[in-house]
Amino acid sequence: DFKSGETTKGWFYQQVIFLFDSMSQESHKSAFKLMQALAFPVHVAGSVWKERSMCIDDRIRDIAQVEVAAYERLKSSIDAAWLKFLQFDEMTEELVQKVGHDFLSSSVSNVLPENNEHGTDPITSTRQSSLVSGMTCLLSLLTIGDFDEVINLCNKILLTLKGGKLDNGDKKSRNACLFLLPACCYAYTNIMCRKWETMKLGNTMGRHTASAFAVKDLFSPILDSITELVNLDDWANIDAIAQCCVLLCDGRRLLRLANNVLPHAIKTLMRNSGAAISSDERSVISRVTSLFVDACEIPTVRVINLKRRPDRLLDFMADAAKEQLLVIKGPAKLRSKSQVKKNANAIVSPSSIDVNEACSGYDAFDGQCGADELDDQLLERLAGDGALSDFIRAKWRPGDLRAFDREARNGNELVATSITERACALSHIASWMGVEQSLSPVVNAGEVDGYEQKVIRMFKISGFARGPALLHKNTDMEPAPVCVVLEDDAVLADRFAERLSSLLEELPRDFHFCSLGYSRPKTAPIVDFSSQLGIPSCLWYLTGYVLSLEGARHLIQSLPVTGPVDSWMGMKMCSNWDNVYGHWIGVGKHARAMSKLPSRKDLSKIMKFRAFAALVPLCEQKVGKAGGDAGVRVNWRDRDTDIAYSG
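For the structure given in this document, a descriptive report is provided here.

Calculation criteria
Residues numbered from 1 in each chain as written. Predicted model: local features only at pLDDT ≥ 70, side-chain atom pairs only at ≥ 80, totals over all residues. Heavy atoms only, no water. Helix = DSSP H or I, 4+ residues; strand = E, 2+ residues; numbered from the N terminus. Buried < 20%, exposed > 50% of the residue type's maximum accessible area, 1.4 Å probe, protein only. Contact = heavy atoms within 4.5 Å. Phe/Tyr/Trp six-rings, centres within 6.5 Å; stacked < 30°, edge-to-face > 60°. Pairing = 2+ DSSP bridges. Expected span 1.5 Å × (residues − 1). Disulfide = S-S within 2.5 Å. Arc of directions from axis to C-beta. Patch = residues over 30% accessible without salt bridge, like charges linked within 9 Å, V, L, I, M, F, W, Y side chains within 5 Å. Areas by Shrake-Rupley, 256 points an atom, 1.4 Å probe, with all protein chains shown as cover. Salt bridge = Lys/Arg side-chain N within 4 Å of Asp/Glu carboxyl O. Lys, Arg positive; Asp, Glu negative; His and termini not counted. Charge placed at Lys NZ, Arg CZ, Asp CG, Glu CD. Core = buried A, V, L, I, M, F, W, Y, C linked by side-chain atoms within 4.5 Å.

## Overview of the overall build of the protein
Phase 1: Broken down by element type, the protein carries 22 helices and 15 strands.
Phase 2: Taken across its 647 residues, the protein has 52% of its residues classed as buried.
Phase 3: Considering only contacts within the protein whose residues lie at least 6 apart along the sequence, 76% involve residues at least 24 apart.

## Describing the packing of aromatic side chains
Given two aromatic rings, one states the distance between the centres and the angle between the planes to describe the pair.
Phase 1: Evaluation of the coordinates by the stated rule reveals ten aromatic pairs.
Phase 2: Ring geometry for Trp396 and Tyr645: centres 6.1 Å apart, planes at 65 degrees, overall edge-to-face. Here the residue Trp396 occupies a position in strand β5 (residues 395–396), and Tyr645 occupies one in the segment after β15 (619–621), the gap between them amounting to 249 residues.
Phase 3: Note on Trp396: relative accessible area 3%, which makes it buried.

## Observations regarding the pairing of strand β13 (residues 540–548)
Phase 1: The buried count for β13 comes to nine of nine residues, which makes it a mostly enclosed element.
Phase 2: Of the pairings in the sheet, the one linking strand β8 (residues 480–487) to β13 comprises five bridges and is antiparallel in character. Its bridge partner lying in β13, Cys483 is registered against Leu547.

## Quick notes on helix α4 (residues 93–108)
Phase 1: Spanning 16 residues, α4 covers 23 Å between terminal C-alpha atoms, matching the ideal 22 Å at 1.5 Å per step.
Phase 2: If you check which residues of α4 are buried, you get Val96, Gln97, Val99, Gly100, Phe103, Leu104, Ser105, Ser107 and Val108.

## Focus: the state of the cysteines
Phase 1: By the definition in use, this model includes zero disulfides.
Phase 2: The structure places no disulfide on Cys193, whose sulfur is separated from the nearest cysteine sulfur, that of Cys249, by 8.4 Å.
Phase 3: Residue class for Cys193 comes out partly exposed when judged on its relative accessible area of 29%.
Phase 4: Among the cysteines around Cys244, which has no disulfide bond, Cys185 carries the closest sulfur, lying 4.1 Å off.

## Concerning helix α9 (residues 219–228)
Phase 1: Every buried residue of α9 is listed here: Phe219, Ser220, Ile222, Leu223 and Ile226. When α9 is viewed along its axis, its buried side chains cluster within an angular range of 160 degrees and face the same direction.

## A word on the environment of Gly570
Phase 1: Along the chain, Gly570 falls in helix α20 (residues 565–575).
Phase 2: The spacing of Gly570 and Pro536 is 34 residues in sequence and 8.7 Å in space, taken between C-alpha atoms.

## Brief notes about unusual backbone geometry
For residues besides glycine, phi is generally negative; the peptide bonds are generally trans as well.
Phase 1: Cis peptide bonds are those with omega within 30 degrees of zero, and the linkage from Leu559 to Pro560 qualifies with 10 degrees.
Phase 2: In this fold, Pro560 is placed in the loop between α19 (549–557) and α20.
Phase 3: The backbone of Gln324 shows a phi angle near 55 degrees, a positive value even though the residue is not glycine.
Phase 4: Mapped onto the elements of the fold, Gln324 is located in the loop between α13 (310–323) and β2 (326–329).
Phase 5: Here the phi dihedral of Arg495 falls at roughly 60 degrees; this positive angle occurs in a residue that is not glycine.
Phase 6: Here Arg495 is to be found in the loop between β9 (490–492) and α18 (496–506).

## Side note on a negative patch on the surface
Phase 1: A grouping of Asp372, Glu373, Asp376 and Glu380 is seen on the molecular surface, where their side chains present a negatively charged patch.
Phase 2: Looking at where Asp372 falls in the secondary structure, it is placed in helix α15 (residues 371–380).

## Regarding the pattern of salt bridges
Phase 1: Applying the stated criterion across every chain, the model contains 20 salt bridges.
Phase 2: Where Asp315 meets Lys200, a salt bridge forms, and the shortest distance between an N and an O atom there is 2.7 Å. On the criterion of sequence distance, the pair formed by Asp315 in helix α13 and Lys200 in helix α7 (residues 171–201) is long-range, its members being 115 residues apart.
Phase 3: With its nearest N and O atoms 2.2 Å apart, the salt bridge here joins Arg253 to Asp224.

## As for the side chain of Ser567
Phase 1: Note that Ser567 resides in helix α20.
Phase 2: Judged by its relative accessible area of 5%, Ser567 falls in the buried class.
Phase 3: With sequence-adjacent residues up to four places away left out, Ser567 is seen in contact with Leu401 and Trp540.

## Overview of the nonpolar core
Phase 1: In terms of nonpolar packing, the biggest core is built from 104 residues, with Phe219, Phe292, Leu334, Phe391, Trp432 and Phe459 touching the most fellow members.
Phase 2: Looking at this core element by element, the count peaks at twelve residues for α7.
Phase 3: Look past the residues within four positions of Phe292 in its chain and what remains in contact with it is Ile238, Ala242, Leu254, Leu257, Ala258, Val261, Leu262 and Phe459.
Phase 4: Counting 49 residues, the second-largest nonpolar core is a separate cluster that includes Val301, Ala465, Phe511 and Cys574.

## Regarding a nonpolar patch on the surface
Phase 1: There is a patch of nonpolar side chains on the surface, built from Leu19, Leu131 and Met135 and spanning about 240 Å² of accessible area.
Phase 2: In this structure, Leu131 sits in helix α5 (residues 127–144).

As structure tokens, then:
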């Protein structure tokens, strides 16, 4: 046991002890318990690699042998004496489950009364023991991978918080109980991702839509019920719920929580005197406020997703969790032509700001229907009078793309825009309107209210464009808040958030649009603008892009869209180069590199649509037809099986 001093050898034990407040007997006991929990997944991993080292596939076997050797070195190290407290002759699945459940039961015994088999009074649990319980619970759940056990534990937390066995309403007990909630949430998201990947491996038919409909979100209803039990002064509980929102990448839920909590927290801190609240409570409020401020530094991205494609959303959310993003659904309510003109350059008053369906939160428009049904979808989400023709033209000329698409029709023939193209365009337009409403400045707010709204708006944006302004008149312009819009089939590049932040440092603060995921026609050169940015002459696809407030307004005022929305956007980029500079670089003819970038003065004159593109895309669109062979080259028209190309 820990009294022998064996575990005190080496740096690792010292680091674990350093996590606690003191070198007391309780600290040593907590450290010992935590190190036992850490040893469990290490031994399980070692057992798994030993089994794989006998695989007939030499690639798996070679990697496994390297890992087994590392495991054996770790066990023989003086810093790994703590591993000896869990010795197994043979690690079977049954033994893993038994040991895992034993650890789990032990970790929650001081928190949940009905799990308390050791006669410990749950109300006497300290923050230190609660922290260890939470970490031990997390390690156990992740190792045994028991989805039902996670949900069972969450339901027990909910019952405990409802007061079933804590009728005295002791705050310490509630807070200790809430320590387990983020651990359960983290385990839930990881196990769900593993479960979804396993379901996809079992389906070789291409699409996984039917499997996705079978995946039920069982954690969110529990979190909703727990949230209903929390009042504005339950700072520790709010802390736990906010952590869960971040772990779930649930930007909308976190925005609602911030909208309810932050005004109260900030006003309590800024307006109350020191005597009004205790120093401990003031400390907790400050910590919760800091948590929200830290959370709003996480980029919020807007995803365009069809309700009938939950498989795409599950894939996207798994990517978002790995990249630590917050996600909200991008499409918002549509506004009629008259409202667009009325709201041009409009500002928002604090009283009009709320977390409603107007800014975001809708599914994409679905084009797998008849024209009348699409009109019905439009009317349901249109504020004011209007028609489909206000947003998308009924016909377009594919021959206009001939310079960039050699397979385009040659001639002036007009064709009808397909219903799926119209639905796709409406989804993007609705997202632009949501971006505009989210980024519109707040005025006429007092010091406290203004600070609240600025912080809350941070949960709707993806960062700030901080590069020098392109136009001379905008030299003194402040960094511009931006929103990222992504289609649900976007595959995010590794370190997406980090690379996005780096790109925004160079993006001119008076930009309109910046493509993050695209395909470039061979006859559409990109002019290098900075180390990470280029100025495109034409691009296909709207897989992912960044929009500013001015950019959203520019696109909305340019409506209606003509043809597929991505080619319409590409032709808007091309219009910047309908001049001597375009002839110089060979737009529509060849992709000759330009030897010298036009001066900023010249760029400001020719770039009516200030569009940029990441030289190295930050995302890409999944390629392949349903049921098609992986790796087979697919024509760009067939990349998205939900869109029927009309040209």
